[in-house]
Amino acid sequence: MLDPKFDIDFLKEAFEFLKGLNEKTREKIIYNIDKARYINDPKLFKKLTDDIWEFRTKYAGLQYRLLAFWDKSKPTRTLVIATHGIVKKTDKVPEKEINKDLEIKKQYLAIVKIEKK
């Protein structure tokens, strides 16, 4: 069995997004996220900017995205933090969603820094 390339944590907004979806959609997204942990496939997990990535799932004609960033603060654990989700009808992720993710990342890393002290 392959080792996963990273672990994933879901922040509250990402968890709530998944919880609000119907069961089959949620299962498909979770399946794709788990698959992305083991294989490098940009159809499942794609870099949007230097700091922001997206978990990608197309299901029932809609495109579901969970925006995320890497937490490299722990030397023994590679961690991806899923911040929030969106449903989109076009290929491009709106700039406001990327900016929201960057702000969440900044807040998250500030807390991690405080906890390390």
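Residues numbered from 1 in each chain as written. Predicted model: local features only at pLDDT ≥ 70, side-chain atom pairs only at ≥ 80, totals over all residues. Heavy atoms only, no water.

Undergrad: Is there a simple way to think about the packing of aromatic side chains in this case?
TA: Where two aromatic rings form a pair, the distance of their centres and the angle of their planes describe that pair. In total, this model carries 8 aromatic pairs according to the counting rule given. Between Phe-6 and Phe-55 the ring centres are 6.2 Å apart and the planes differ by 50°, which places this aromatic pair in the tilted class. Of this pair, Phe-6 sits in the segment before β1 (7-10) while Phe-55 sits in strand β3 (residues 53-59), and the two are 49 residues apart along the sequence. The buried category is assigned to Phe-55, whose relative accessible area is 3%. Relative to Trp-70, the ring of Trp-53 lies with its centre 5.9 Å away and its plane at 80°, an arrangement referred to as edge-to-face. Taken together, the positions of Trp-53 in strand β3 and Trp-70 in strand β4 (residues 62-71) put the pair 17 residues apart, joining distant regions of the chain. Trp-70 gets classed as partly exposed once you look at its relative accessible area, which sits at 22%. Among the aromatic residues, those joined into a ring-pair cluster are Phe-6, Phe-45, Trp-53, Phe-55 and Trp-70. Its end group placed over the ring of Trp-70, Lys-72 keeps NZ or CZ at 5.8 Å from the ring centre. (Phe/Tyr/Trp six-rings, centres within 6.5 Å; stacked < 30°, edge-to-face > 60°. Helix = DSSP H or I, 4+ residues; strand = E, 2+ residues; numbered from the N terminus. Buried < 20%, exposed > 50% of the residue type's maximum accessible area, 1.4 Å probe, protein only. Lys NZ or Arg CZ within 6 Å of the ring centre and 35° of its normal.)

Undergrad: It is not clear to me how the pairing of β3 should be interpreted in this structure. Could you clarify?
TA: Both faces of the sheet carry side chains from a regular strand, because those side chains alternate between them. Counting buried residues in β3 gives 5 out of 7 residues, a clear majority hidden from the surface. Sheet topology note: the strand β2 (residues 45-47)/β3 ladder contains 3 bridges and is antiparallel. For Phe-45, the partnering residue across the bridge sits in β3 and is Phe-55. Judged from the 7 bridges that link them, β3 and β4 form a sheet pairing that is antiparallel. Across the sheet, the residue bridging to Arg-56 is Arg-65, located in β4. Following β3, the chain reverses through 2 residues before pairing antiparallel with β4; Ala-60 in that reversal takes a positive phi of roughly 55°. (Pairing = 2+ DSSP bridges.)

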